[in-house]
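# Observations on the model geometry
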Amino acid sequence: MRSNFTTVLGMPLATLIAGGTPASQNEAEIMENTSSNQERRSSTRQRMLKSGTVSPDGRLSVFDCVVKNMSETGARIKVQAQQSIPNELIFMLKGSSIKADARVIWRHEKEIGLQFISG
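Keep in mind the model is a prediction, meaning the values are calculated, not measured.

## Some remarks on the environment of Arg45
Structurally, Arg45 is set in the loop between α2 (21-38) and β3 (46-55). The exposure class assigned to Arg45 is partly exposed, which follows from its relative accessible area of 23%. Along the primary structure Arg45 and Thr73 are separated by 28 residues, whereas in three dimensions their C-alpha atoms are 8.8 Å apart. Sequence-distant contacts of Arg45, that is, excluding residues within four places in its chain, are made with Asn69, Met70, Ser71, Gly74, Ala75, Arg76 and Leu114. A polar contact is formed between the side chain of Arg45 and the side chain of Asn69, at a distance of 3.2 Å.

Below is the structure:
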């Protein structure tokens, strides 16, 4: 069944597309809701572009990565090919003493979300 959306939120669709005030208010509400949803993490992520490595054993198989953001509880990394990256691994941030056991929480294309495992 095909829907005919001529009005949205009680306003003509053409007004919303043209950028009238109701659309701007709606966009502001969406932005506010989006930013509050991101704050549900247990710790704040710090944006960065630093080199790191991930490894299943910490020694023999080591894969380079770019750390896009990191917090006390996890990190978002980008790898060349994630097929080789196991679900549980050792994460290391190059140029620092940061080393943590981690598990993969999500994967999307070349990006991986890690959760640090406290041991």
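After that view, the rundown keeps rolling.
## Observations concerning the sheet that holds strand β5 (residues 74-78)
The 6 strands are arranged β3-β4-β5-β8-β7-β6 in a closed barrel whose pairing can be described as antiparallel. Geometrically, the sheet is characterised by an average inter-axis angle of 45° between neighbouring strands, direction not taken into account. Both β3 and strand β6 (residues 88-93) contribute to a ladder of 4 bridges, which runs antiparallel. Residue Thr53 lies in a different strand from β6, and its bridge partner there is Met92.

Each value, and the rule that gives it
- Residues numbered from 1 in each chain as written.
- Predicted model: local features only at pLDDT ≥ 70, side-chain atom pairs only at ≥ 80, totals over all residues.
- Heavy atoms only, no water.
- Helix = DSSP H or I, 4+ residues; strand = E, 2+ residues; numbered from the N terminus.
- Buried < 20%, exposed > 50% of the residue type's maximum accessible area, 1.4 Å probe, protein only.
- Contact = heavy atoms within 4.5 Å.
- Polar contact = N/O pair within 3.5 Å; in protein donor to acceptor, adjacent residues only side chain to side chain.
- Pairing = 2+ DSSP bridges.
- Axes fitted to C-alpha atoms, helices over the stretch in contact; angles between N-to-C directions.

The values reported here are purely geometric and, on their own, carry no functional implication.
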